[in-house]
Amino acid sequence: MKRIAPLLATAAALALTLSACGGSPDSGGTPDEAGASALQKVKDAGVLTVGTEGTYRPFSYNEGSELTGYDVEVIKAVGEKMGVEVKFQQTQWDAIFAGLDAGRFDVIANQVAINPEREAKYLFSEPYTVSTGVIVTKSGNTDITSFESLKGKKTAQSLTSNYYETAKAAGATVEPVEGWAQAVTLLKQGRVDATVNDKLTFLDAQKTHPDDSIKIAAEAEDKTDSAVALRKDATDLQEAINTALDSLRADGELAKISEKYFGEDVSK
């Protein structure tokens, strides 16, 4: 209790000093370094710092000592268009938004899907990945041609995936699996009729290990857009990233990176 009065006096003196030395946000004064815009800070540093997992193939992963992947190449190309170096901070997904909030990095590039909850807290660039849910069956299957035709069929799904709910809602009986590889194994063995998953997962698998014994039998109409995530106050940085993405789209570089990882253009 004895320290409250001196602390209050010190705080009051400090407040008077600050009010005398610095303009208010409405005074039209030039902001100091701490108040510089997000884009200006990136330009001054010459570096765009990016949060990414580094464990999410084919989007962001380590190959030997090198960080690579679709998202990694896209954001590197964005940095090149902006004229800045790109520096990565590898972070677990569970902590990646906290890292952005804390200013550990300027943006996140890690297949961040745009949804209303996230839009309430963060800014997003224009999407650089567009995907849909797909039903994958054996190539010779002619019974399943739509999500409606999953009714009464058996699918293999991870219980933590959104596609588990999709399959259940369509009337399918779900066989729980750990992931894509196990689902495809059960499908090829004839123990399930289909699996519902993200189209990018199918394209990546086919690009890495082509398999003509399975096919996409149907594709959802709803699309999922993924983009660069930024803090709410980074509007000028958002605009600069959008300009870079527009340029990459126009000169075909986004399509080229997409083809490399997925065999088709998933950027639009």
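The model shown is predicted, which means the values in this text are computed figures rather than measured ones.

What counts, and where the lines are drawn
- Residues numbered from 1 in each chain as written.
- Predicted model: local features only at pLDDT ≥ 70, side-chain atom pairs only at ≥ 80, totals over all residues.
- Heavy atoms only, no water.
- Helix = DSSP H or I, 4+ residues; strand = E, 2+ residues; numbered from the N terminus.
- Buried < 20%, exposed > 50% of the residue type's maximum accessible area, 1.4 Å probe, protein only.
- Contact = heavy atoms within 4.5 Å.
- Areas by Shrake-Rupley, 256 points an atom, 1.4 Å probe, with all protein chains shown as cover.
- Polar contact = N/O pair within 3.5 Å; in protein donor to acceptor, adjacent residues only side chain to side chain.
- Pairing = 2+ DSSP bridges.
- Right-handed = clockwise from strand over helix to strand, strands pointing away.
- Arc of directions from axis to C-beta.
- Core = buried A, V, L, I, M, F, W, Y, C linked by side-chain atoms within 4.5 Å.
- pLDDT = per-residue confidence, 0-100.
- Phe/Tyr/Trp six-rings, centres within 6.5 Å; stacked < 30°, edge-to-face > 60°.

**As for the overall build of the chain**
(1) Moving on: Looking only at helices and strands, the chain has 10 helices and 12 strands in total.
(2) Moving on: When burial is assessed residue by residue, the chain has 43% of its 268 residues classed as buried.
(3) Moving on: Restricting to contacts in the chain with at least 6 residues of sequence separation, those with at least 24 account for 68%.
(4) Moving on: Of the roughly 14,700 Å² of accessible surface on the chain, 50% is carried by carbon and sulfur atoms.

**Focus: the side chain of aspartate 211**
(1) Moving on: Relative to the helices and strands, aspartate 211 resides in the loop between helix 8 (199–208) and strand 12 (214–231).
(2) Moving on: What makes aspartate 211 buried here is its relative accessible area of 15%.
(3) Moving on: For aspartate 211, the side chain forms a polar contact with the side chain of lysine 188, separated by 2.8 Å.
(4) Moving on: At a separation of 2.6 Å, a polar atom in the side chain of aspartate 211 contacts the side chain of serine 213.
(5) Moving on: Each residue touching aspartate 211, except ones within four places of it in the same chain, is listed here: Lys188 and Gln206.

**Some remarks on the pairing of strand 10 (residues 173–177)**
(1) Moving on: Direction of pairing for strand 9 (residues 154–158) relative to strand 10: parallel, over a ladder of five bridges. Across the sheet, alanine 156 pairs through a bridge with glutamate 175, a residue of strand 10.
(2) Moving on: Between strand 9 and its parallel partner strand 10, the chain crosses via helix 6 (residues 162–169), and the hand of that crossover is right-handed.

**Some points on the sheet that holds strand 4 (residues 66–68)**
(1) Moving on: The antiparallel open sheet is built from three strands, whose spatial order is 2-3-4. Of all the strands in the sheet, just strand 2 (55–56) and strand 4 have a single pairing partner and so form its edges.
(2) Moving on: In this structure, strand 2 lies alongside strand 3 (residues 60–63), joined through two bridges in antiparallel fashion. Counterpart to tyrosine 56 in the pairing with strand 3 is serine 60.

**Considerations on helix 2 (residues 38–45)**
(1) Moving on: Among the residues making up helix 2, those that are buried are Ala38, Leu39 and Val42. Buried residues of helix 2, seen end-on, are gathered within an arc of 100° and therefore sit on one face of the element.
(2) Moving on: Buried residues along helix 2 sit in contact with strand 1 (47–52), helix 3 (70–82) and helix 9 (235–250).
(3) Moving on: Backbone geometry just downstream of helix 2 places glycine 46 in the positive-phi region, at approximately 70°.

**Considerations on the nonpolar core**
(1) Moving on: Formed by 51 residues in total, the largest nonpolar core has its most connected members in Tyr70, Ile75, Met82, Leu237 and Ile241.
(2) Moving on: Apart from residues lying up to four places away in sequence, methionine 82 is in contact with Leu39, Val42, Leu237, Ala240, Ile241 and Ala244.
(3) Moving on: By size, the runner-up hydrophobic cluster in this structure holds 13 residues, among which are Phe147, Tyr164, Val174 and Ala194.

**What to know about the confidence of the model for the chain**
(1) Moving on: Per-residue confidence for the chain gives a mean pLDDT of 89, with 87% of residues at or over 70.
(2) Moving on: Predicted confidence is poor over residues 1–33, with pLDDT under 50, and the contacts of this stretch with residues over four places away or in other chains come to two contacts.

**With respect to the packing of aromatic side chains**
(1) Moving on: Considering all chains together, one arrives at eight aromatic pairs under this definition.
(2) Moving on: Consider the rings of phenylalanine 59 and phenylalanine 262, whose centres lie 5.8 Å apart with planes at 40°: the pair is tilted. With phenylalanine 59 in the loop between strand 2 and strand 3 and phenylalanine 262 in helix 10 (residues 253–262), the pair connects residues that are 203 residues apart, well separated along the chain.
(3) Moving on: With a relative accessible area of 6%, phenylalanine 59 lands in the buried category.
(4) Moving on: Judged by relative accessible area, phenylalanine 262 falls into the buried class, the value being 3%.
(5) Moving on: Geometrically, the ring pair formed by tyrosine 70 and tyrosine 128 is tilted, given 6.1 Å between the ring centres and 40° between the ring planes. Here tyrosine 70, found in helix 3, pairs with tyrosine 128, found in the loop between strand 7 (122–124) and strand 8 (129–138); they are 58 residues apart in sequence, far enough to count as distant.
(6) Moving on: Residue tyrosine 128 is classed as buried on the basis of its relative accessible area, which comes to 1%.
(7) Moving on: In textbook terms, an aromatic cluster arises when at least three aromatic residues are bridged by ring pairs, as seen for Tyr56, Phe59, Tyr70, Tyr128, Tyr261 and Phe262.

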